[in-house]
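# Notes for the structure review
As a plain string of letters, each chain reads:
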Amino acid sequence: MRHDTPPPRTGNSESEVLRGFLDYLRTSVAAKVEDAPEPQVRTAAVPSGTNLLGLLHHLTFVERATFLGERVTDWPATFRAAPGDSVADVVTRYRQTVARANEVLDRSPAPGVRRALAHMIEETGRHAGHADILRELIDGSTGR
């Protein structure tokens, strides 16, 4: 069981607030996946087929499309990690993608990335909520 980590105390600028909350959500969702057991981490727990590992795999593609300009042609496929991908592989790719996205954000003026940051906060927060439920179904783990 995890303990809740409170939302961040961020800086005063719009960019610092948005980025602080996005990084908080990114960290939370990765933590839900990183020590989840196999095969439950990739087993669908709801009728839609959603699974914990697939959520993080999907968020990697959303980060790439939003901040790195990569084109995704099959969004439904992004919800499925490859059978050979370990939990560590998917978590590492996500964290590497986040680091690359942050490098882009570091070079971008705040007003120019406002919409992208708001979109990623919504997308990551939505899937972090899904991850909370899926992880609790797997092993009872709760909290951020």
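On a predicted model such as this, the values are computed, not experimentally measured, just so you know.

### Describing the packing of helix 2 (residues 52–67) against helix 4 (residues 110–139)
Here helix 2 crosses helix 4 at 175°, and the two axes come no closer than 9 Å. By the angle class used here, helix 2 and helix 4 are roughly antiparallel. Across the interface between the two elements, Leu 52, Leu 55, His 58, Leu 59, Val 62, Glu 63, Thr 66 and Phe 67 of helix 2 pack against Ala 116, Leu 117, His 119, Met 120, Glu 123, Thr 124, His 127, His 130, Ala 131, Leu 134, Arg 135 and Ile 138 of helix 4. Looking at the contact of helix 2 with helix 4, its residues break down into eleven nonpolar, six polar and three charged.

### Here we look at the pattern of salt bridges
By the definition in use, this model includes eleven salt bridges. Between Asp 23 and Arg 26 there is a salt bridge, with its nearest N and O atoms 2.7 Å apart. Taken as a pair, Asp 23 and Arg 26 lie in helix 1 (residues 14–34) at a separation of three residues, close to a single helical turn. Look at Asp 23 and you get partly exposed, because its relative accessible area is 28%. A single salt-bridge network, built from bridges that share partners, covers Asp 23, Arg 26 and Glu 63.

### Notes on helix 4
The sharpest bend along helix 4 reaches about 30° and sits at Ala 116. Taken residue by residue, helix 4 has Val 113, Ala 116, Leu 117, Met 120, Glu 123, Thr 124, His 127, Ala 128, Ala 131, Leu 134 and Arg 135 as its buried positions. Against helix 1, helix 2 and helix 3 (87–106) lie the buried residues of helix 4. Remark: Gly 140 follows helix 4 within two positions and exhibits a positive phi of approximately 80°.

Rules of the game
Residues numbered from 1 in each chain as written. Predicted model: local features only at pLDDT ≥ 70, side-chain atom pairs only at ≥ 80, totals over all residues. Heavy atoms only, no water. Axes fitted to C-alpha atoms, helices over the stretch in contact; angles between N-to-C directions. Helix = DSSP H or I, 4+ residues; strand = E, 2+ residues; numbered from the N terminus. Parallel < 35°, antiparallel > 145°, perpendicular 65-115°, else oblique. Contact = heavy atoms within 4.5 Å. Nonpolar A, V, L, I, M, F, W, Y, C, P; charged D, E, K, R; others polar. Salt bridge = Lys/Arg side-chain N within 4 Å of Asp/Glu carboxyl O. Buried < 20%, exposed > 50% of the residue type's maximum accessible area, 1.4 Å probe, protein only. Bend = angle between axes of the 7 residues up to and from the residue.

So yeah, pure geometry; function would need other evidence.
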